[in-house]
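Close look at the chain arrangement
Here is how the chains run, residue by residue.
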Amino acid sequence: MSIETNLLQLNAQLPANVVLVAVSKKKSAAEMMEAYRAGQRHFGENYVQELLAKQLHMPADTIWHFIGHLQRNKVKQLAPFAHWVHAVDSIRLLDEIEKQFVLCGRQVQCLLQVHVAREETKFGWEPDELLSVIHSLDLSKYRAVVLRGLMAMASFTDDTATIRLEFMQVQSLFNRLKESAFAGRPQFDTLSMGMSSDWPVAVQCGSNMVRIGSAIFGERT
Ligand SMILES: *Cc1c(COP(=O)(O)O)cnc(C)c1O
């Protein structure tokens, strides 16, 4: 099926409040343009060099989401282009993002990554750890960084019950933070959860931003 058909089908199924980020990692700018012509504007990339190369070929109103693990020494290269950073997993990284985007005179929407999956290798804060980190953080010091919410990945499994439990843990943490540290900060409104295989469960658990690659562009080689 074509990229356009895949997008049409997804958009027909997604609730209106859910932002679809088309994950274009390892796909060409030509394939991205096919999605763009079908109306898609939010694109997600995992590698800084790939984002830098592709932004040369995409229209100026493309909205770039950096969704991969980000090293502090790469933030500077990303600062002129990225609109969103999904996988913030340390305050040192958040502070470097603040510094580099201030230097660029740009704002950036940031999501804090929560670790709920069984896999050891996935990045992010444990829920309890994130609660205490946020409560001891001076949120008013950020000028370029806009803290928009949380991002998470579920375990790599076919077991829907496990996936649902993990997403629900993130949703509950999100709600707790909204009512405590982020009370009075309505920009903290985004829950980025759900990929090609698990987005319906994520949306049922309150996700309002899904990151979908293979269900749009086909399998990656
Ligand atoms: C690759 C990737 C996705 C999209 O995965 P698909 O299974 O192709 O939809 C979503 N989020 C992150 C962080 C990714 O690395």
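Residues numbered from 1 in each chain as written. Predicted model: local features only at pLDDT ≥ 70, side-chain atom pairs only at ≥ 80, totals over all residues. Heavy atoms only, no water.

**A closer look at the side chain of Glu-45**
Along the chain, Glu-45 falls in strand 2 (residues 42-45). Given the relative accessible area of 0%, Glu-45 is considered buried. A distance of 2.7 Å separates a polar atom in the side chain of Glu-45 from a polar atom in the side chain of Ser-24. Beyond its immediate stretch of four places on either side in the chain, Glu-45 contacts Ser-24, Lys-25, Met-32, Glu-50, Leu-51, Lys-54, Trp-64, His-65, Phe-66, Ile-67 and Gly-68. (Helix = DSSP H or I, 4+ residues; strand = E, 2+ residues; numbered from the N terminus. Buried < 20%, exposed > 50% of the residue type's maximum accessible area, 1.4 Å probe, protein only. Polar contact = N/O pair within 3.5 Å; in protein donor to acceptor, adjacent residues only side chain to side chain. Contact = heavy atoms within 4.5 Å.)

**Things to note about the layout of surface pockets**
Looking at the second largest pocket, its volume works out to about 180 Å³. If you go around the second largest pocket, the residues you meet are Gln-107, Leu-139, Ser-140, Tyr-142, Arg-143, Val-145, Val-146, Leu-147, Phe-182, Arg-185, Gln-187 and Phe-188. For the lining of the second largest pocket, the per-class residue count stands at seven nonpolar, three polar and two charged. (1 Å grid on protein atoms, 1.4 Å probe; cavity = no way out; pocket = protein on both sides within 12 Å on 5 of 7 lines; lining within 4 Å. Points joined across faces, edges and corners; volume = space filled by probe spheres on them. Nonpolar A, V, L, I, M, F, W, Y, C, P; charged D, E, K, R; others polar.)

**Describing the nonpolar core**
Leu-70, Ile-97, Cys-110, Leu-130, Leu-150, Leu-177 and Ile-216 are the most contacted members of the largest nonpolar core, which has 67 residues in total. Among the elements that make up this core, the one with the highest residue count is helix 7 (residues 160-179) (six residues). Contacts of Cys-110, omitting those with residues within four sequence positions, involve Val-85, Val-88, Leu-94, Ile-97, Val-145, Val-146, Leu-147, Arg-148 and Gly-149. Core analysis: the next-biggest nonpolar cluster, separate from the first, contains five residues, Val-21, Trp-84, Leu-111 and Met-151 among them. (Core = buried A, V, L, I, M, F, W, Y, C linked by side-chain atoms within 4.5 Å.)

**Here's the deal with the side chain of Asp-89**
Position of Asp-89 among the secondary structure elements: in the loop between strand 4 (84-88) and helix 5 (91-104). Comment: no salt bridge for buried Asp-89; closest opposite-charge side chain is Arg-72, at 8.5 Å. One polar contact links Asp-89 to His-69, side chain to side chain, over a distance of 3.4 Å. Excluding residues that lie within four positions of it along the chain, Asp-89 makes contacts with His-69, Phe-123, Gly-124 and Trp-125. (Lys, Arg positive; Asp, Glu negative; His and termini not counted. Salt bridge = Lys/Arg side-chain N within 4 Å of Asp/Glu carboxyl O.)

**Brief notes about the packing of helix 6 (residues 127-135) against helix 7**
At a minimum axis distance of 11 Å, the contact between helix 6 and helix 7 shows a crossing angle of 15 degrees. As far as their axial angle goes, helix 7 and helix 6 are roughly parallel. Helix-helix and strand crossings are classified by hand; for helix 6 and helix 7 the assignment is right-handed. Two secondary-structure elements touch here, helix 6 through Pro-127, Leu-130, Leu-131, Ile-134 and His-135 and helix 7 through Gln-169, Leu-173, Arg-176 and Leu-177. Residue composition of the contact of helix 6 with helix 7, grouped by class: six nonpolar, two polar and one charged. (Axes fitted to C-alpha atoms, helices over the stretch in contact; angles between N-to-C directions. Parallel < 35°, antiparallel > 145°, perpendicular 65-115°, else oblique. Left-handed = near helix turned anticlockwise from the far one by under 90°.)

**Regarding the packing of aromatic side chains**
Following the criterion strictly, the structure yields two aromatic pairs and no others. Their ring planes at 35 degrees and their centres at 5.4 Å tell us that Phe-174 and Phe-188 sit as a pair that is tilted. One end of the pair, Phe-174, is in helix 7; the other, Phe-188, is in the loop between helix 7 and strand 7 (190-192), and 14 residues separate them in sequence. Here Phe-174 matches Phe-188 in class, with each residue buried. Consider the rings of Phe-182 and Phe-188, whose centres lie 3.7 Å apart with planes at 5 degrees: the pair is stacked. As far as the burial class goes, Phe-182 and Phe-188 line up, both buried. A network of ring pairs unites the aromatic residues Phe-174, Phe-182 and Phe-188 as a single cluster. (Phe/Tyr/Trp six-rings, centres within 6.5 Å; stacked < 30°, edge-to-face > 60°.)

**Considering the site of the ligand**
By nearness alone, 13 residues border the ligand, and Lys-25, Ser-196, Gly-213, Ser-214 and Arg-220 come closest of all. A distance of 2.9 Å separates a nitrogen atom of the ligand from a polar atom in the side chain of Arg-211. One nitrogen or oxygen atom from the main chain of Ser-214 is found 2.8 Å from an oxygen atom belonging to the ligand. Here the ligand, which alone exposes 390 Å², has 90% of that area covered by the protein. Among the secondary structure elements, those contributing two or more residues to the shell around the ligand are strand 6 (145-153) and strand 8 (209-212). (Near = heavy atom within 4 Å. Areas by Shrake-Rupley, 256 points an atom, 1.4 Å probe, with all protein chains shown as cover.)

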